[in-house]
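Structure at a glance
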Amino acid sequence: MQTVTRTEQTFLTGPQVQSRYQKSHVTIWRWVRDADLKFPQPIQINRLNYWRLADLESWESAQADRSAA
């Protein structure tokens with residue numbers, strides 16, 4: 001897993017998100033399109049996708065809570 005330096009508003013690129021979850025870009029896009037999964041939507045800047053680290057961490061926490069229930 002890559003080390004990410006935190007700032008007030010940290011963003012991850014598509015490849016960083018893929019690395020974080022050890023999934024292909026196709027899987028990440030399936031997650032984005034799956035309304036039931038509620039995976040965070042990317043922010044598009046100059047036709048590149050970025051995810052807020054805080055949104056990803058919130059989603060991870062929700063997944064952990066969901067698994068524990």
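Quick look at the structure, then. This is a predicted model, so every value here is computed, not measured.

**Details of the sheet that holds strand S3 (residues 48–52)**
- Read from one edge of the open sheet, three strands run S1-S3-S2, paired in antiparallel fashion. The open sheet terminates on both sides in strands that have one partner only, identified here as strand S1 (11–13) and strand S2 (43–45). For this sheet the average axis-to-axis angle between neighbouring strands, irrespective of direction, equals 40 degrees.
- Direction of pairing for S2 relative to S3: antiparallel, over a ladder of three bridges. Its bridge partner lying in S3, Gln-44 is registered against Asn-49.
- Across the sheet, helix H1 (residues 14–21) touches S1 and S3, and the angle it forms with S1 is around 90 degrees.

**A short note on the environment of Ala-54**
- With respect to the element layout, Ala-54 can be found in helix H3 (residues 53–68).
- With a relative accessible area of 43%, Ala-54 lands in the partly exposed category.
- Sequence separation between Ala-54 and Pro-40 is 14 residues; the distance between their C-alpha atoms is 9.8 Å.

**Side note on the pattern of salt bridges**
- According to the stated counting rule, one finds two salt bridges in the structure shown.
- The shortest N-O distance in the salt bridge between Arg-20 and Glu-60 comes to 2.7 Å. Of this pair, Arg-20 sits in helix H1 while Glu-60 sits in helix H3, and the two are 40 residues apart along the sequence.
- Overall, Arg-20 belongs to the buried group, its relative accessible area being 18%.
- The closest approach of N and O atoms between Asp-55 and Arg-52, which form a salt bridge, is 3.8 Å.
- On the basis of relative accessibility, which here comes to 31%, the residue Asp-55 falls in the partly exposed class.

**Details of the nonpolar core**
- Among the nonpolar cores identified, the biggest contains twelve residues, and these are Leu-12, Val-17, Tyr-21, Ile-28, Trp-31, Val-32, Leu-37, Phe-39, Trp-51, Leu-53, Leu-56 and Trp-59.
- If you list the elements that add at least two residues to this core, you get H1, helix H2 (25–33) and H3.
- Beyond its immediate chain neighbours, meaning those up to four positions away, Tyr-21 contacts Ile-28, Trp-31, Phe-39, Leu-56, Trp-59 and Glu-60.

**Regarding unusual backbone geometry**
- Even without glycine at this site, Lys-38 takes up a positive phi of about 60 degrees.
- Relative to the helices and strands, Lys-38 resides in the loop between H2 and S2.
- The residue Asn-46 is not glycine, and still its phi comes out positive at about 50 degrees.
- The topology assignment puts Asn-46 in the loop between S2 and S3.
- For Asn-46, a relative accessible area of 72% corresponds to the exposed category.

About the thresholds
- Residues numbered from 1 in each chain as written.
- Predicted model: local features only at pLDDT ≥ 70, side-chain atom pairs only at ≥ 80, totals over all residues.
- Heavy atoms only, no water.
- Pairing = 2+ DSSP bridges.
- Helix = DSSP H or I, 4+ residues; strand = E, 2+ residues; numbered from the N terminus.
- Axes fitted to C-alpha atoms, helices over the stretch in contact; angles between N-to-C directions.
- Contact = heavy atoms within 4.5 Å.
- Buried < 20%, exposed > 50% of the residue type's maximum accessible area, 1.4 Å probe, protein only.
- Salt bridge = Lys/Arg side-chain N within 4 Å of Asp/Glu carboxyl O.
- Core = buried A, V, L, I, M, F, W, Y, C linked by side-chain atoms within 4.5 Å.

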